[in-house]
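# Coordinates in review
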Amino acid sequence: MPEPDAAAGPTRGAGYLAVIDWIHGQIASGQVPVGSRLPSIADIAAACGVGIKTARSAVERLAGQGVLRTRQGSGTVVITAPRGISDRYVATSSGRRLVGALVPNLTFYGEILSGVESVLSGRDGRLMVTCSHYEFRGECDELESLVSDGAEGILCSASLARWSGDPEFFDRLRQLPVPCVLIERRLPDGMFPRIPAVLTDLEQASFLATEHLIQIGRERIAAVLVGGRPGAEELTRGYRNALIAAGRTFDPALLITEPELTGVMAAEQLIERKADAAFVGGGLLAAATMTQLLHRRRRVPRDVAIAAYDAQGGDVADIPMTSVSPQRSAIGRLAADMLLDLLNHPRTAAVGEFRVHPTLIIRRSTIGTP
């Protein structure tokens, strides 16, 4: 495991790890398979929204780890698929309190970490981050490694759903010798003692989306959710509550929830059940569902209006996606403040599970011209 980079050159922030995460994703998805050439440094920088120097630094790190090989005149080639938790960085170079964070990716968590950094920079703190890239089996050891490397408190986004059948993991998590705050995670019900948590109010998210679909006059509003996923029950409650609040009857036939749900399956069931609108519990599933509806000559939004939870990039889709979006920066700031309060004032700090209301962003997939 690489050591923190604070003393090994320029300070590396969330943009640097975002490039690492993007390259990992390109390899894992097969878009840049082993043996193929990586896009140019300029293209990588543009894709990740970072500077050339940041992109080059990340590529050099992966080359040093043996994932990539760079040769003069022939570009950068992928020589092996990255595995496990592969990178760590210290995001701020000054500050007395060292806070450790474990996150699974930078696509979702980059803005959260920026919120964390903004609080730490004003409260005499600095941040050390490890990204798991969804390789969950090393997460618990990595949390303990952050502590051994000097972290005085932990911000944790471990893959708790993946660990649901492993009580040893939860025991180790609760027995960390430093304060811990969960981000966009919570312990399963009935598990004590609880760990403080900051997370998006998913019930409010589905309520807002369903309420919007009701307000634009849709009659047969479906909820499309992947069954068994974390948060599926909360999203279902919000959907039902919005219908009831509007004097509508909840129709179980319009609750489409299966463990292996795909865009093809969702589109077919929406058509079969004559839905004229749908709240979809995920941006990727919503985009796939919309594509399949269009292939079947259903117009969006005229025939079926689509609203999604967290449709990142929905503003640049062919039909911009109405989305209920987490307030990521606010989540990061609240989690950092909570952890610092636990460190500085352990007897009086407010603890509990704090839910942050999401924001409804209305776009053409619900109110636009088809």
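First, a word on scope: everything that follows refers to the structure included in this document. Values in this document were obtained by computation on a predicted structure and should not be read as measured data. Along every chain, residues carry numbers that run from 1 in the direction the sequence is written. Reporting of local features is limited, given that this is a predicted model, to residues whose pLDDT is at least 70; pairs of side-chain atoms are given and counted only at 80 or more, and all residues count toward the totals for whole chains, interfaces and linings. Note that water and hydrogens are dropped before the side-chain values are worked out from all heavy atoms of the structure.

Now for the overall build of the chain. Helix and strand content of the chain: 12 helices and 15 strands. Here the globule rule is a power law, 2.2 Å times the number of residues to the power 0.38, and the radius of gyration is based on C-alpha atoms. Here the C-alpha atoms of the chain give a radius of gyration of 22 Å, agreeing with the 21 Å that 2.2 N^0.38 yields for 370 residues. Considering only C-alpha atoms, the chain reaches an extent of 60 × 60 × 35 Å along its principal axes. For each residue, the accessible area found with a 1.4 Å probe, counting protein chains only, is set against the maximum for its type, and the residue is called buried under 20%, exposed over 50%, and partly exposed in between. Buried residues in the chain amount to 52% of all 370 residues. Contacts: residue pairs with any heavy atoms within 4.5 Å of one another. Sequence separation of at least 24 residues holds for 75% of the intrachain contacts in the chain that already meet a minimum separation of 6. Entry remark: accessible area of the chain is about 16,700 Å², with carbon and sulfur atoms responsible for 50%. Here the chain holds 39 positive side-chain charges and 40 negative ones, and the gap between their average locations is 4 Å. Going along the chain from the N terminus, every DSSP run of H or I of four or more residues is numbered as a helix, and every run of E of two or more is numbered as a strand. The Shrake-Rupley method, run with a 1.4 Å probe sphere, supplies the accessible areas, and residue values consider only the shown protein chains as cover. His is not counted, nor are the chain ends, whereas Lys and Arg count as positive and Asp and Glu as negative. Taken as the charge location is NZ of Lys, CZ of Arg, CG of Asp or CD of Glu.

Turning our eyes to something else, we now look at the pairing of strand 10 (residues 255–258). Within a regular strand, side chains alternate between the sheet's two faces. As paired strands, strand 9 (residues 221–226) and strand 10 are joined by 4 bridges and run parallel to one another. Across the sheet, the residue bridging to L225 is T257, located in strand 10. Convention used here: a crossover is right-handed provided that the path from the first strand, over the helix, to the second strand proceeds clockwise when the strands point away from the viewer. You can see the chain leave strand 9, run along helix 8 (residues 232–245) and come back into strand 10, and the turn it takes is right-handed. When DSSP locates at least two bridges between a pair of strands, those strands are taken to pair.

All right, on to the nonpolar core then. One broad rule of soluble globular proteins: the nonpolar side chains tend to lie buried together. By convention a nonpolar core is built from buried Ala, Val, Leu, Ile, Met, Phe, Trp, Tyr and Cys residues, the set being connected through side-chain atoms within 4.5 Å. Formed by 48 residues in total, the largest nonpolar core has its most connected members in L38, L127, L155 and V181. Every element with two or more residues in this core is listed here: helix 1 (14–28), helix 2 (41–48), helix 3 (52–64), strand 4 (97–103), helix 4 (106–122), strand 5 (125–131), strand 7 (180–183) and helix 11 (328–344). The biggest single contributor to this core is helix 11, with 9 residues. Filtering out sequence-adjacent residues up to four positions away, L155 remains in contact with V99, G100, A101, L102, V116, V181, I183, A335 and L339. Counting 43 residues, the second-largest nonpolar core is a separate cluster that includes L255, A266, M290 and A311.

Here we come to the packing of helix 9 (residues 263–272) against helix 10 (residues 283–295). The axes used here are C-alpha line fits, helices contributing only the stretch in contact, and every angle between their N-to-C directions lies in the interval 0 to 180 degrees. Their axes nearest at 8 Å, the elements helix 9 and helix 10 cross at an angle of 60°. Relative to helix 10, the element helix 9 is oriented oblique. Seen along the crossing, helix 9 lies across helix 10 with a hand that is right-handed. Where helix 9 abuts helix 10, its residues G263, V264, A266, A267, L270 and I271 lie against L285, A288, T289, Q292 and L293. Here the contact of helix 9 with helix 10 is composed, by residue class, of 8 nonpolar, 3 polar and no charged. Roughly parallel refers to an angle under 35 degrees, roughly antiparallel to one over 145, roughly perpendicular to one between 65 and 115, and oblique to any angle outside these ranges. Should the near helix be turned counterclockwise from the far one by less than a right angle, the crossing is left-handed, whereas a clockwise turn marks it as right-handed. In this count, Pro and Cys sit with the nonpolar residues alongside Ala, Val, Leu, Ile, Met, Phe, Trp and Tyr, while Asp, Glu, Lys and Arg are called charged and the others, Gly among them, polar.

Our next topic: the packing of helix 7 (residues 202–215) against helix 8. Relative to each other, helix 7 and helix 8 sit at 40°, their axes nearing to 7 Å. The orientation of helix 7 with respect to helix 8, classified from their angle, is oblique. Remark: the crossing between helix 7 and helix 8 carries right-handed chirality. Packed against helix 7, whose contacting residues are L202, E203, S206, F207, T210, E211 and I214, the element helix 8 presents E234, L235, R237, G238, Y239, N241, A242, L243 and A245 at the interface. Among the residues making up the contact of helix 7 with helix 8, the classes are represented as 8 nonpolar, 4 polar and 4 charged.

The next subject is the pattern of salt bridges. Just to be clear on terms, a salt bridge is a Lys or Arg side-chain nitrogen sitting within 4 Å of an Asp or Glu carboxyl oxygen. Across all of its chains, the model carries 17 salt bridges by this definition. Residue D337 is joined to R123 by a salt bridge in which the shortest nitrogen-to-oxygen separation is 2.8 Å. Pair noted here: D337 is in helix 11 and R123 is in the loop between helix 4 and strand 5, with a separation of 214 residues, a long-range link. Across the pair R237 and E203 runs a salt bridge, and its minimum N-O distance is 3.1 Å. Of this pair, R237 sits in helix 8 while E203 sits in helix 7, and the two are 34 residues apart along the sequence. By sharing partners, the salt bridges in this structure join R186, D189, R194, E234, E353 and R355 into a single network.

The next subject is a nonpolar patch on the surface. Like-charged residues within 9 Å of one another, or nonpolar side chains (Val, Leu, Ile, Met, Phe, Trp, Tyr) within 5 Å, are grouped into patches, provided each residue has over 30% relative accessible area and no salt bridge. On the surface, a nonpolar cluster with roughly 250 Å² of combined accessible area is contributed by I216, I362 and I367. Tracing the sequence through the fold places I362 in the loop between strand 15 (359–361) and helix 12 (364–367). On the accessibility criterion, I362 (42% relative accessible area) is partly exposed.

Turning our attention to empty space enclosed by the protein. Only protein atoms enter the 1 Å grid used here, on which a cavity is any set of points holding a 1.4 Å probe that cannot leave and a pocket is any open set flanked by protein within 12 Å on both sides along at least five of seven lines; residues with an atom within 4 Å of a point are listed as lining. Grid points are joined across faces, edges and corners, and a volume is the space filled by probe spheres set on the points. Per the stated rule, a full pass over the model turns up 1 cavity of 30 Å³ or more. The computed volume of the largest cavity comes to approximately 40 Å³. Surrounding the largest cavity, A101, L102, V103, Y109, I112, L113, L155, S157 and I183 form its lining. Tallied by class, residues from the lining of the largest cavity come to 8 nonpolar, 1 polar and no charged.

Among the secondary structure elements, R97 is positioned in strand 4. Accessibility expressed as a relative area gives 14% for R97, which makes it buried. Sequence spacing of R97 and S40 is 57 residues, and the spatial spacing of their C-alpha atoms is 38 Å. Residues adjacent in sequence count toward polar contacts only when both atoms are side-chain atoms; beyond that, a polar contact is any pair of N or O atoms within 3.5 Å, and within protein one must be able to donate a hydrogen and the other to accept it. A polar side-chain atom of R97 sits 2.5 Å from a polar atom in the side chain of E152. One polar contact links the side chain of R97 to the main-chain carbonyl oxygen of L343, over a distance of 3.5 Å.

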